[in-house]
Amino acid sequence: MSALLESDLARALQELNIEPVQYEHAALHTCDDADRLQLERQGTRIKNLFLRDNYGRRHILLLLEAHLKVDLKALSTQQGLSRLGFASDQRLEKYLKIRPGCVSALALFNDNEHQVELWVDSGLWDAQLWQCHPLDNRKTWVLSKRQLLQFWQHTGHQPHVIDVPCL
């Protein structure tokens, strides 16, 4: 795997004059793990879903507030896609070059070929501070929305703000 490292990500953010608030903690594989540990961190907790269409042609990083549950069938219909589902660990490694549990808005740093679309739920879009794993689920970096927009511009990813149908 030719993934860039957390140190490469930190260096890129530094070059962009972005200084995130940083936390270290036990590994968090899911939002439920964070609930169990009762972690206190600044910012909005985010659920990060790596999805693919039924044909495996389109890959999407979907960001929404941690407490929400997505209706994938309704989202597929809404976006005119054939059956959205969770991408495999192999696809996660291939497209974002990270392990399961490390998905976040910052993982787009590894998508140099721009094969992953970025979708953000409109409810999350209003948040000012966002919690993100820096390619490592034992850490959380908190960035402002303005900083994330700058980062995504740097990586060449345009966020598509949508109303995610939830259960």
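Refer to the structure printed above.
Criteria and thresholds
Residues numbered from 1 in each chain as written. Predicted model: local features only at pLDDT ≥ 70, side-chain atom pairs only at ≥ 80, totals over all residues. Heavy atoms only, no water. Buried < 20%, exposed > 50% of the residue type's maximum accessible area, 1.4 Å probe, protein only. Helix = DSSP H or I, 4+ residues; strand = E, 2+ residues; numbered from the N terminus. Arc of directions from axis to C-beta. Contact = heavy atoms within 4.5 Å. Pairing = 2+ DSSP bridges. Axes fitted to C-alpha atoms, helices over the stretch in contact; angles between N-to-C directions.

Draft legend 1. Broad picture of helix α1 (residues 6–15). Taken as a whole, α1 has its buried residues at Leu 9, Ala 12 and Leu 13. Buried residues in α1, looked at end-on, bunch into an arc of 100°, giving them a common side. Those residues of α1 that are exposed and aimed more than 90 degrees away from the buried face are Gln 14 and Glu 15. Contacts made by the buried residues of α1 are with β7 (139–144) and α6 (145–155). Just beyond α1, the residue with positive phi is Asn 17, at close to 60°.

Draft legend 2. Up close: the sheet that holds strand β3 (residues 59–65). Read from one edge of the open sheet, five strands run β4-β2-β3-β5-β8, paired in mixed fashion. Both outer strands of the open sheet, β4 (85–86) and β8 (159–162), are each paired with one neighbouring strand and no more. Strand direction decides the pairing type here: strand β5 (residues 116–121) and β8, joined by four bridges, are parallel. Bridge pairing in β8 links Leu 118 to Pro 159.

Draft legend 3. Highlighting the sheet that holds β7. The sheet built from three strands is open, its strands ordered β1-β7-β6 with antiparallel pairing. Edge positions in the sheet fall to β1 (21–24) and β6 (129–132), since each has one partner strand and no second. Taking each pair of neighbouring strands and ignoring which way they run, the sheet shows an average axis angle of 20°. In this structure, β6 lies alongside β7, joined through four bridges in antiparallel fashion. Directly across from Cys 132, in β7, lies its bridge partner Trp 141. Lying over the sheet, α6 contacts β6 and β7, oriented at roughly 95° with respect to β7.

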